[in-house]
Amino acid sequence: MNKQNILQIRHLSKTFGKNEVLRDIDFSVKTGDVTTIIGSSGSGKSTLLRCINLLETPTSGEILYHGENIISLKGGAPKYRSHVGMVFQSFNLFNNMSVLKNCMVGQIKVLGAGRDEAQQRAMEYLNKVGMSQYIHAKPRQLSGGQKQRVAIARAMSMQPEVLLFDEPTSALDPEMVGEVLSVMRSLAKDGMTMIVVTHEMDFAREISNHVVFMSNGVICEEGSPDELFLHPKKQETADFLSRFRSE
Amino acid sequence: MGTFFDLFTDVAGLWQKYSSQYLSGAWSTIKLAVIATAVGCIIGLACGILQTIPHAKTDNPVKRVLLTVLRAVIRVYVEVFRGTPMILQAVFIYFAVPYFTKNAVRLEMVPAAYLVVSINTGAYMAETVRGGILSIDVGQTEGAKSIGMNHFQTMLYVVLPQTLRNILPQIANNLIINIKDTSVMFIIGYSELFAVHKGITGATYKYFPSAVIAMIIYLIMTIVCSALLRLWENKMDGPENFDIATTDTLAHTSGMINYPNKKKKNGAKRRRLALGDLR
């Protein structure tokens, strides 16, 4: 199967003031890939993801989307973002809209879809995440797991090519983690291209076909889940993983 | 007791003779206050959108200069109109136009009054809106950006509706302040309630009874406005509970149907479910 590179990150660096958060990051994502980024807190995982969605402007380097560098693309950020969905740790659902509106507004205002079409697609994905009963609810009336499932439906209803997850289960109560992970699992099964920043090691190992381990702003090691989890080449990776094993 | 009886007869007498004047004065007051507050809000919201346009060092120089100038203009506008008395602003604008045009152009007093109160309210609202926008969690903006919205769309559909809800009490404040403070517009001859009161006392010398009438009318206007704005607040908050929507045909008989693709007119009853029932 000949897979195409959707995203290529080239020599990406990001500094906040004098603080160097990302250094010379290099990796690619192919169609249908599920890439998980793991690493301890403060290693730059989330910043990397936010750079990929241009919520942070990289200090240097390139992000190639279908071979085109999107950083130098003037004023193209909104259009690019409509192809690259993002799911946040803190959900970030629009508090002033119902669940259904949350999933429709982007389609109507950004993609220019008609109301009926937008509603149909929103319902399709809300069904998929098991939230179609709650379309009239406002975000404040939902539990964390429900909010995150709606957030996934909102991102999916834009029909993105890549979906980014920024620690989607970190803000959830333990009993709600499962429902979100199972939604992500089924997206992965459908062939969705995903980049997932997560602390759920078992999930990362199960779902992904590529794992990136970050430490102190650089990619320390990357490879297939089996390689990385069972036979880590670097001592840092092994140390990091052993902290999860001991639990 | 006798004095109160006298007051009552004086008030009744004044009302009988001049009620239409009081009422038309009150109408002018409320019209000016409501319209100027609305226009002021629009000015404030516009300033809010313009002030929060994101700027980065990597932007091209033309855009950066434009944004800097824009911010400076808004800043000056806010400081000048917040920092001087409205009564003076009225005189200033009313007489500035004929002065600079050598009497060729004269401002009518009615449009001048609307203009002055609107831009005065706008100056306060600009700061209120700015604070309101800052109070909205940055996650809301990021959520909107992540689905591809630009700054204008983010503001219009996500941030400002929430801002508006948060600053509604302040808008109510402004409206009530305007109802009272438009009385200074008598200085350029705008005949609102206070001007009517002044006119009537000039003709009848019944200062106190007329003041009683004006007080009561002002109070009625402000209380009604504040009640209406509270109603609006509640409406914006929406219902406490939400309807469950279902495609399960068995559930249709239970009346729990409010599915968007079905016609609403099919007579199905909607059952309100409290949030507590769901858990």
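A. The side chain of Thr198 of chain A, seen in detail. Residues and elements named next belong to chain A. If you trace the backbone, Thr198 turns up in the loop between strand 8 (193-197) and helix 7 (201-207). A distance of 2.9 Å separates the side chain of Thr198 from the backbone nitrogen of Glu200, its partner in a polar contact. Apart from residues lying up to four places away in sequence, Thr198 is in contact with Thr36, Ile37, Ile38 and Ala204.

B. Representation of the pattern of salt bridges. Applying the stated rule across the entire model yields 15 salt bridges over all chains. Arg10 of chain A is the partner of Asp26 of chain A in a salt bridge, and the nearest nitrogen-oxygen pair spans 3.1 Å. With a gap of 16 residues between them, Asp26 of chain A in strand 2 (residues 19-30) and Arg10 of chain A in strand 1 (residues 5-16) connect regions that are remote in the sequence. Residues Arg50 of chain A and Glu56 of chain A are paired through a salt bridge, measuring 3.1 Å at the closest nitrogen-oxygen approach. Bridged by salt links that share partners, the residues Arg75, Glu79, Arg82, Glu127 and Arg130 of chain B form one connected network.

C. Structural context of the sheet that holds strand 6 (residues 84-87) of chain A. Residues and elements named next belong to chain A. Judged by pairing direction, the sheet is mixed, and its six strands sit side by side in the order 6-7-8-3-9-10 without closing on themselves. Every interior strand has two partners, whereas the edge strands, strand 6 and strand 10 (218-223), have only one. If you compare each strand with its neighbour and ignore which way they point, the axes differ by 20° on average.

D. Just the sheet that holds strand 5 (residues 68-69) of chain A, in detail. Residues and elements named next belong to chain A. Here four strands make up an open sheet; going across it, the order is 2-1-4-5 and the pairing antiparallel. Every other strand in the sheet has two partners, leaving strand 2 and strand 5 as the edge strands with one partner each. When strand 1 meets strand 4 (residues 60-65), the two strands line up antiparallel, connected through five bridges. Following the sheet pairing, Leu7 is matched in strand 4 by Tyr65.

Conventions and cut-offs
Position labels on residues start from 1 in each chain and follow its written sequence. Written order decides the labels, with chains lettered from A and ligands numbered from 1. Given that this is a predicted model, residues contribute local features only at a pLDDT of at least 70 and side-chain atom pairs are listed and counted only at 80 or more, while totals for whole chains, interfaces and linings are drawn from all residues. Excluding hydrogens and water, the side-chain figures rest on all heavy atoms present in the structure. Strands are runs of DSSP state E lasting at least two residues, helices are runs of H or I lasting at least four, and both sets are numbered from the N terminus onward. Polar contacts here mean pairs of N or O atoms no more than 3.5 Å apart (in protein, one a potential hydrogen donor and the other a potential acceptor; neighbouring residues in sequence count only if both atoms are side-chain atoms). Contacts are assigned to residue pairs with any non-hydrogen atoms lying within 4.5 Å of each other. In the sections that follow, a salt bridge refers to a side-chain nitrogen of Lys or Arg positioned within 4 Å of a carboxyl oxygen of Asp or Glu. Pairing between strands requires that DSSP locate at least two bridges from one strand to the other. Angles shown run from 0 to 180 degrees and are taken between the N-to-C directions of axes, each axis being a line fitted to C-alpha atoms and, for helices, limited to the stretch in contact.

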